[in-house]
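So you can see what is in the structure, the chains are spelled out below.
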Amino acid sequence: MDENPHLANHIFSNSVEYLSLFDESAIWAQKVMFEDFKKFENATVKEYVHVRVNVCGSPLECPETFPSIGRVRVKHRGILLTLKGTVIRSGTVKMIEGEKIYECRICKHRFKVHPEVETRNSIPKPTFCPSQNCESTRFQIVEDTKICHDYQEIKIQESTQVLGVGAIPRSIPVILKDDLVDIVKAGDDVIVTGVLTAKWSSDMKGVRCDLDPVLIANHVRRMNELKSSIDIPDDVILKFKQFWLEFKDAPLKGRNAILRGICPQVFGLFTVKLAVALTLIGGVQHVDASGTKVRGESHLLLVGDPGTGKSQFLKFAAKLSNRSVITTGLGSTSAGLTVSAVKDGGEWMLEAGALVLADGGLCCIDEFDSMREHDRATIHEAMEQQTISVAKAGLVTTLSTRTIVFGATNPKGHYDPDQPLSVNTTLSGPLLSRFDIVLVLLDTKNPEWDAVVSSHILFEQAEPGKGNSDENLTNSWPLPLLRRYIHFVKGYFRPVLTKEAEKVISSYYQLQRRSATHNAARTTVRMLESLIRLAQAHARLMFRNEVTRLDAITAILCIESSMTTSAIVDNVGNALHSNFTENPDEEYAKQERLILEKLSCIDEFPGINMLEG
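Please read all numbers here as calculations on a predicted model, not as lab measurements. (Residues numbered from 1 in each chain as written. Predicted model: local features only at pLDDT ≥ 70, side-chain atom pairs only at ≥ 80, totals over all residues. Heavy atoms only, no water.)

A. The nonpolar core, seen in detail. Residues Ile262, Val276, Phe313, Phe406 and Tyr485 are the most contacted members of the largest nonpolar core, which totals 78 residues. Ranked by residues supplied to this core, first place goes to helix 5 (residues 270–281) with nine residues. Apart from residues no more than four positions distant in its own chain, tyrosine 485 is found in contact with Phe240, Trp244, Ile258, Trp477, Arg540, Leu541 and Phe543. (Core = buried A, V, L, I, M, F, W, Y, C linked by side-chain atoms within 4.5 Å. Buried < 20%, exposed > 50% of the residue type's maximum accessible area, 1.4 Å probe, protein only. Helix = DSSP H or I, 4+ residues; strand = E, 2+ residues; numbered from the N terminus. Contact = heavy atoms within 4.5 Å.)

As structure tokens, this is what we get:
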């Protein structure tokens, strides 16, 4: 573009003509090169060669040529257009007839006739001879010159993150040909460069026939590898390392500074903020020799009375994640959550649902209890095996759903602490066992807590946004930096368990299995996997590559918070009233000693007794 701006302008403004000339030039260049390579045995000529134009990073990537799908208008027709979206539907690969070669019966002139997209790829019969001084209207098709192309239609929808509230996400069909077919599937994020044209909608009796916009793709770029559009400069990474150097002697104080940045408008709720951070960071996926995968993503369920800030945490977690889908239980069916089969133009296609679209990100489901029982059962496979197996309308396939599920629900009536969790929430045991952390937020009467919360809310109302301008990371982290931090630690660290951590986790799991009468639905082997995942997530949060005893104890405290009755630690209390302590490291030392005494393995860690002494 810099070398020949004049040609670049022609490609942009008159794409159809110039791109076909480029393709012909590429075929001619290939033939010239083939002459030199004829002496090699394996030299072959590629039949269909296309010149692909990637506008990424060029001046063509401007708002005029890179509109959102909802802003595509008639003025964009015929120019080189770039659209960004998520593939929601992927059609089958078909074979369509390409150009036909006709011969004039009088002057014997041969010429090509291309199919018209407007009339659904039908090839019109020529009406006149293109050669000069010939007025013939009689033509015949040249035999054995039939050319066919691979052809696929996909549908892309604009990302919900860039839309305002109340806006409906728009979609547009995209035509892929030859080497572009089958390179994307439902749920992929793509950037498509192509030429906008229109085609007649299918003719149905009594329905007006309209021209529908359609994009003929020239270049498709998958964004799955670069799904996180979060750029982390080196100076920001240096800032993270400097932050942890400052808190070298009091690491938990540094951790609490990060946690204060999560949902700052909600006062306190330390346990919930820690759980949200650990869920978003997640553990390390384990694949054994036989290829069996143990998921690395954690799932979180908040069970609480009205007004305990559950939806606030859901919305904030969606902002922190680089790819998120928010849905409510009442408006979600099993097909909407997983995948639906739709009929388009006489054939069945699969359309991706919320869990497939959130692949590699976060799926927030509010009002989890409002979902119907059989709809809830469809997400069992998606949560544990991280795939969705579909057998609908003759389409049998498996789709990937490596997603974090974050649910919020109200208890059934008044929460009864004497009853197990499955009775209080009407959620089945198999579903509850899939959630790594289930936090119960009970709105109990506490005059001191009420006084502190009310003063915090009134202070926020009086001086809104006062604390957000502070650049000092020792107090609270702003949202953009928090996003970058979570993304960085997820990609950079792969923590490994130490012997100490293994011993603590194993002892706790065995103790829970012995006393698992009340919470039998939770104390399964999945609990052991959850403990490992949470300990790994906490090690990542603490900017480390090994899981220490501290991480194992914190994972136990998180799991304990979700055990309403059979708690080893009696002083955890209600998760709703958990506040940030002044001296977290001292508080932790007490809790660690208490837990290790209960686990009967304090003698194996002599360092603790020395500290006490």
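Anyway, onward from the coordinates.
B. Broad picture of the sheet that holds strand 13 (residues 324–328). Strand order across the open sheet formed by five strands is 13-16-19-12-20, with parallel pairing between neighbours. Only two strands of the sheet have a single neighbouring strand rather than two, namely strand 13 and strand 20 (437–441). The average angle at which neighbouring strand axes cross in this sheet is 15°, direction not considered. Two strands pair when backbone bridges link them, and strand 12 (residues 300–304) and strand 19 (residues 404–409) are joined in this way by four bridges, in the parallel orientation. The residue bridging leucine 301 from the neighbouring strand is glycine 407, located in strand 19. (Pairing = 2+ DSSP bridges. Axes fitted to C-alpha atoms, helices over the stretch in contact; angles between N-to-C directions.)

C. Here's a closer look at the pattern of salt bridges. Inspection of every chain in the model, using the stated rule, returns seven salt bridges. Residue glutamate 97 is joined to lysine 100 by a salt bridge in which the shortest nitrogen-to-oxygen separation is 3.8 Å. Between glutamate 103 and arginine 110 there is a salt bridge whose closest N-O contact spans 3.0 Å. Owing to a relative accessible area of 12%, glutamate 103 belongs among the buried residues under this scheme. When salt bridges with common partners are traced through the structure, they connect Arg295, Glu384, Asp436 and Arg533 into a single cluster. (Salt bridge = Lys/Arg side-chain N within 4 Å of Asp/Glu carboxyl O.)

D. Focus on helix 15 (residues 499–514). The terminal C-alpha atoms of helix 15, which comprises 16 residues, lie 23 Å apart, in line with the 22 Å expected from a rise of 1.5 Å per residue. Turning to helix 15, its buried residues number three or more, namely Ala501, Val504, Ile505, Ser507, Tyr508, Tyr509, Leu511 and Gln512. (Expected span 1.5 Å × (residues − 1).)

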